[in-house]
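Commentary on secondary and tertiary structure
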Amino acid sequence: MRKQFGLSAVAAALALGLSFGAQAQVKVGVTVSSTGPAASLGIPERNTVALLPREVAGQKIEWIVLDDATDTTQAVKNSRKLASDDKVDVLIGTSVTPGSLAMVDVAAEAKVPMISVAASAKIVEPVDDKRRWVFKTPQNDALMAGALADAMVKSKIKTLGFIGFADAYGDGWLAVMQAAAEKAGIKVVAVEKYGRTDTSVTGQVLKLVGAKPDAILIAGAGTPSALPQKELRARNYPGQIYQTHGAANNDVLRVCGKDCDGMLLPAGPLLVAAQLPDSNPVKKSALAYVETYEKAHGAGSTNTFGGHMWDAGQLVVAALPQALKSGAKPGTPEFRAAMRDALEGVKDLAVSQGVFNMSPTDHAGFDERSRVIVKVEGGKWVYQPGL
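Since the model is a prediction, treat every value here as computed from it, not as a measurement.

**Thoughts on the overall build of the chain**
Scanning the chain for helices and strands turns up 12 helices and 15 strands. With the C-alpha coordinates of the chain rotated into their principal frame, the extents come out at 65 × 45 × 40 Å. Across the 387 residues that make up the chain, the buried fraction comes to 58%. Of the roughly 14800 Å² of accessible surface on the chain, a fraction of 52% belongs to carbon and sulfur atoms. Seen as two clouds, the 42 positive and the 38 negative side-chain charges of the chain have centres 2 Å apart.

In structure tokens form, the structure reads like this:
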């Protein structure tokens, strides 16, 4: 039976400088959207890679980072280059759901374990012959949709409008929110879509406002999620506005300004780590990332999307000693397979966004400890324990 391990094993390996003999350098290939519409996600992710360890358990690690410019085709090209030319042992990326979904085929063909930093559950579900090679760090959208539905019930929301990206992210959120809303007795009365690069959503918002829902959910990510928010405020929409965890980004607050005040969203604990009670199992590990990132980039610079990359790095750190015990050498198909098996065996690993418990049927590994409800008040994120 495969051994299960978590944070304690990682700490012991790092503290003891455990050696597994002479090894070739482990290579981790990363593609992120550090330019293009998702740059507000990709830049903190890129910055975070620079903070990850270069040596674990006596084994050196090389992190190779490429930019895919928020372009699905480029994400695939980058991942093929990393897998074939650089012969990486692990592939991480990309920042957005469409690119990550396209990379699944590359990971499966190359038989290289992949850790996505995008949200959709479709990236890892179901764990079939392709997805057995793929893991991810953001919370599943279904997990977050459940938190939103619970919060809506507490606020006595009966009808809901929806506007989301016209791509896999928006489509995925529409599906899980419709399911969660139906279960909670909430009726979805209007659905609209928009593009990540759109500059106006006036037509869609007028239709939503005309449907007179009690609340509206915006399913966007990064700064483009501010566009419907601002338009709804301009049209004096009187109901509650919700966002997804794709909007849990300080750049969204910067672009949105006072129009974001009052919006509610589900987010990882990292966003409000300092506000969590000491009993929260994620607080200590989340604050460790905050301290590391802000030491390099300044107070208040922490970003939840960078946290997803940090958590991907922690998975690599946790799995590496176990994979090395297999005797396989980095750079070989056998080592890639050993890393895949080790990632699947990670248990009780507290990171910045939750506690990982991977399994052969769950390659996301998070439970309710990975989510909180947050409200924007005075341009700041405020933890809502009552929701």
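Moving on from the coordinates now.
**Section: the UniProt feature "domain: Leucine-binding protein" (unreviewed entry) in the chain**
Summarizing the sequence annotation, UniProt attributes the feature "domain: Leucine-binding protein" (unreviewed entry) to residues 25-365 in the numbering used throughout. Overall, residues 25-365 shows 42% helix and 18% strand. The separation of its end C-alpha atoms is 28 Å.

**Quick look at the nonpolar core**
Membership of the largest hydrophobic core comes to 48 residues, with the highest contact counts inside it found for Val 28, Trp 63, Ile 92 and Ile 115. Of all elements in the fold, only strand 1 (26-32), strand 3 (59-67), strand 4 (90-93), helix 10 (283-297), helix 11 (304-324), helix 12 (333-344), strand 12 (349-350) and strand 13 (355-356) reach the threshold of two or more residues within this core. A total of 11 residues in this core trace back to one element, the largest contributor, which is helix 11.

**Re the packing of helix 2 (residues 39-49) against helix 10**
Two elements in contact, helix 2 and helix 10, have axes separated by 11 Å at closest approach and are oriented at 95 degrees. Of the possible angle classes, the one that applies to helix 2 and helix 10 is roughly perpendicular. Across the interface between the two elements, Pro 44, Asn 47 and Thr 48 from helix 2 touch Tyr 289, Tyr 293 and His 297 from helix 10. The class makeup of the residues in the contact of helix 2 with helix 10 is 3 nonpolar, 3 polar and no charged.

**Quick notes on the pattern of salt bridges**
All chains considered together, the criterion is met by 15 salt bridges. Note that Asp 128 and Arg 131 form a salt bridge whose closest N and O atoms lie 3.3 Å from each other. Classification of Asp 128 by relative accessible area gives partly exposed; the value is 31%. Among the salt bridges present, the one from Asp 259 reaches Lys 258, with a minimum N-O distance of 4.0 Å. The exposure class of Asp 259 is buried, given its relative accessible area of 16%. Judged by its relative accessible area of 69%, Lys 258 falls in the exposed class.

**Some words on the domain arrangement of the chain**
Domain boundaries in the chain define domain 1 (26-139 + 286-368) and domain 2 (141-267). Averaged C-alpha coordinates put domain 1 and domain 2 at centres separated by 28 Å. In total, domain 1 and domain 2 occlude about 1500 Å² of area from one another, counting both sides; carbon and sulfur atoms represent 60% of this. By the criterion of area lost to domain 2, the three top residues of domain 1 are Pro 37, Ser 40 and Gln 139, representing 33% of everything that side buries. Counting the contacts that link domain 1 with domain 2 gives 8 residue pairs in polar contact (both at pLDDT 80 or more).

**Focus on the pairing of strand 15 (residues 380-383)**
On a regular strand, each side chain points to the face opposite its neighbour's, so the side chains alternate between the two faces of the sheet. Across 4 bridges, strand 14 (residues 372-377) lies against strand 15 in antiparallel orientation. Residue Glu 377 lies in a different strand from strand 15, and its bridge partner there is Lys 380.

**Some remarks on the sheet that holds strand 2 (residues 55-56)**
With mixed pairing, the 6 strands of this open sheet are ordered in space as 2-3-1-4-5-6. The strands lining the two open edges of the sheet, one partner per strand, are strand 2 and strand 6 (134-136). Looking at chain direction, strand 4 and strand 5 (residues 114-116) are connected through 2 bridges and run parallel. Within strand 5, the residue paired with Leu 91 across the bridge is Met 114. Running over the sheet, helix 4 (residues 97-110) touches strand 1, strand 4, strand 5 and strand 6 and is turned about 175 degrees from strand 5. Packed onto the sheet, helix 12 meets strand 1, strand 4, strand 5 and strand 6 and runs at close to 45 degrees relative to strand 6.

**Focus: the confidence of the model for the chain**
Averaged over all residues, the pLDDT of the chain equals 94, while 94% of them reach at least 70. For the chain, the element scoring lowest by mean pLDDT is helix 1 (residues 7-16), at 43; strand 5 scores highest, at 99. Below pLDDT 50 for its whole length, residues 1-5 participates in 15 contacts with residues either more than four positions away or in separate chains. Note that pLDDT drops below 50 for residues 7-22; the model gives that stretch 19 contacts with residues more than four away or on any other chain.

**Side note on the pairing of strand 9 (residues 215-219)**
Counting buried residues in strand 9 gives 5 out of 5 residues, a clear majority hidden from the surface. Both faces of strand 9 are covered, namely the face carrying Ala 215, Leu 217 and Ala 219 and the face carrying Ile 216 and Ile 218. Here strand 7 (residues 159-165) runs beside strand 9; their pairing, made up of 5 bridges, is parallel. Bridge pairing in strand 9 places Gly 164 opposite Ala 219. Taking the sense of rotation as the criterion, the β-α-β connection linking strand 9, helix 8 (residues 226-234) and strand 10 (residues 240-243) turns out right-handed.

Calculation notes
Residues numbered from 1 in each chain as written. Predicted model: local features only at pLDDT ≥ 70, side-chain atom pairs only at ≥ 80, totals over all residues. Heavy atoms only, no water. Helix = DSSP H or I, 4+ residues; strand = E, 2+ residues; numbered from the N terminus. Buried < 20%, exposed > 50% of the residue type's maximum accessible area, 1.4 Å probe, protein only. Areas by Shrake-Rupley, 256 points an atom, 1.4 Å probe, with all protein chains shown as cover. Lys, Arg positive; Asp, Glu negative; His and termini not counted. Charge placed at Lys NZ, Arg CZ, Asp CG, Glu CD. UniProt positions renumbered as here; feature names shortened; annotations may be inferred. Core = buried A, V, L, I, M, F, W, Y, C linked by side-chain atoms within 4.5 Å. Axes fitted to C-alpha atoms, helices over the stretch in contact; angles between N-to-C directions. Parallel < 35°, antiparallel > 145°, perpendicular 65-115°, else oblique. Contact = heavy atoms within 4.5 Å. Nonpolar A, V, L, I, M, F, W, Y, C, P; charged D, E, K, R; others polar. Salt bridge = Lys/Arg side-chain N within 4 Å of Asp/Glu carboxyl O. Domains from an automatic or database assignment. Buried area = accessible area lost by both parts, 1.4 Å probe. Polar contact = N/O pair within 3.5 Å; in protein donor to acceptor, adjacent residues only side chain to side chain. Pairing = 2+ DSSP bridges. pLDDT = per-residue confidence, 0-100. Right-handed = clockwise from strand over helix to strand, strands pointing away.

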